[in-house]
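Understanding the architecture of this molecule
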Amino acid sequence: MRDRCGLAVLVSGSGTNLQAILDASRDPSYPAEVRVVISNVPEAAALARARKAGITALCVSPAQFSGPDFDKELIRIIDESRVTLVILAGFMKILSPFFVQHYPNRILNIHPALLPAFPGTHAIRRAWEAKVPVTGVTVHFVDEGVDTGPMILQEEVPISPGESLESLESLIHKVEHRLYPKAIRQVIQKEAL
Ligand code: GRF
């Protein structure tokens, strides 16, 4: 069997998408495994999830590394971890062009809307407030823009009349947890990584 692709997962929050990837990779036939988890937020619950799974989990604080040094420190850790893909899973910091160019077509992001609709923050709430009939989830490659890179997979989530924001959030997250592991597998298989 081929070696599995290493993943570096960048997080800032609860880490439910990280958890979905960790769970998928428990299957030995899944083509990827998480090698390192990095957060810019020391108290991110995602770090605890990683440590529980026996994965190296590090915090790189923007307070300690200012400006370009922050991205350089991320690159140093990621490159030392010998990974193939960089997975953004609720990472709430915009990465510099320097970082993005260091990993061409190797950085993935998940966004809780049907891009190009509702890029940026609070996408679930904004779609709900706009009363669009359908929103969804997008997994895409990261380029130098915000939520603009080439799409990998997208899945629609219809918004029922009278749907509460909380219920929509939970529907979206359920789809995310299925779609992200699937998109990672697809990239690895399509590009023979
Ligand atoms: C997800 O909704 C993802 O789409 C967005 O940030 C959220 C992260 O949630 N980019 P979690 O930390 O994976 O639970």
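See above for the structure.
Here's what I pulled together on the structure shown here. (Residues numbered from 1 in each chain as written. Predicted model: local features only at pLDDT ≥ 70, side-chain atom pairs only at ≥ 80, totals over all residues. Heavy atoms only, no water.)

1. Overview of the pattern of salt bridges
- Enumeration according to the criterion identifies eight salt bridges in this entry.
- With its nearest N and O atoms 3.2 Å apart, the salt bridge here joins Arg4 to Glu33. With Arg4 in the segment before strand S1 (5-11) and Glu33 in strand S2 (residues 32-39), the pair connects residues that are 29 residues apart, well separated along the chain.
- For Arg125, the salt bridge identified is with Glu129, shortest N-O distance 3.6 Å. (Salt bridge = Lys/Arg side-chain N within 4 Å of Asp/Glu carboxyl O. Helix = DSSP H or I, 4+ residues; strand = E, 2+ residues; numbered from the N terminus.)

2. Observations concerning the packing of helix H1 (residues 16-24) against helix H6 (residues 165-190)
- Where H1 contacts H6, the axes come no closer than 9 Å and their chain directions differ by 55°. Classified by the angle their axes make, H1 and H6 are oblique. H6 is crossed by H1, and the crossing has right-handed handedness. Contact with H1, carried on its side by Thr16, Asn17, Ala20, Ile21 and Ala24, involves Glu176, His177, Tyr180, Pro181 and Ile184 of H6 and no other residues of that element.
- Here the residues of the contact of H1 with H6 are counted per class, giving six nonpolar, three polar and one charged. (Axes fitted to C-alpha atoms, helices over the stretch in contact; angles between N-to-C directions. Parallel < 35°, antiparallel > 145°, perpendicular 65-115°, else oblique. Left-handed = near helix turned anticlockwise from the far one by under 90°. Contact = heavy atoms within 4.5 Å. Nonpolar A, V, L, I, M, F, W, Y, C, P; charged D, E, K, R; others polar.)

3. Focus: the site of the ligand
- The immediate surroundings of the ligand are formed by Ser14, Gly15, Thr16, Asn17, Gly90, Ile110, His111, Pro112, His173 and Glu176.
- At 2.9 Å, a backbone N or O of Asn17 approaches an oxygen atom of the ligand.
- Ile110 has a polar backbone atom sitting 3.0 Å from a nitrogen atom of the ligand.
- When the ligand sits alone it has 370 Å² of accessible area, and the protein chains cover 84% of it.
- For the shell around the ligand, the secondary structure elements donating two or more residues are H1, strand S5 (107-111) and H6. (Near = heavy atom within 4 Å. Polar contact = N/O pair within 3.5 Å; in protein donor to acceptor, adjacent residues only side chain to side chain. Areas by Shrake-Rupley, 256 points an atom, 1.4 Å probe, with all protein chains shown as cover.)

4. Points about the pairing of strand S4 (residues 85-88)
- Of the two faces of S4, the one holding Leu85 and Ile87 and the one holding Val86 and Leu88 are both buried throughout.
- In the sheet, S1 pairs with S4 via four bridges, with the strands oriented parallel. From the neighbouring strand, Leu10 faces S4, where its bridge partner is Leu88.
- Pairing of S4 with S5, which is carried by three bridges, proceeds in the parallel orientation. In the strand pairing of S5, Ile87 is matched with Leu108. (Buried < 20%, exposed > 50% of the residue type's maximum accessible area, 1.4 Å probe, protein only. Pairing = 2+ DSSP bridges.)

5. A look at the side chain of Glu163
- With respect to the secondary-structure elements, Glu163 resides in the loop between strand S7 (151-158) and H6.
- It is Lys174 that comes nearest to the buried, bridge-free Glu163 among opposite-charge side chains, at 11 Å.
- Those residues in contact with Glu163 that lie beyond four places of it in its chain are Trp128, Pro158, Leu168 and Leu171. (Lys, Arg positive; Asp, Glu negative; His and termini not counted.)

6. Comments concerning the nonpolar core
- By size, the foremost hydrophobic cluster in this structure holds 40 residues, and its most contacted members are Leu108 and Ile184.
- Top contributing element to this core by residue count: H6, with ten residues.
- Ile184 has contacts with Leu7, Ile21, Tyr30, Ala32, Leu85, Ile87 and Leu108, leaving out every residue within four places of it along the chain.
- One finds Ala8, Leu10, Val86 and Phe91 within the second-largest nonpolar core, a separate group that totals 19 residues. (Core = buried A, V, L, I, M, F, W, Y, C linked by side-chain atoms within 4.5 Å.)

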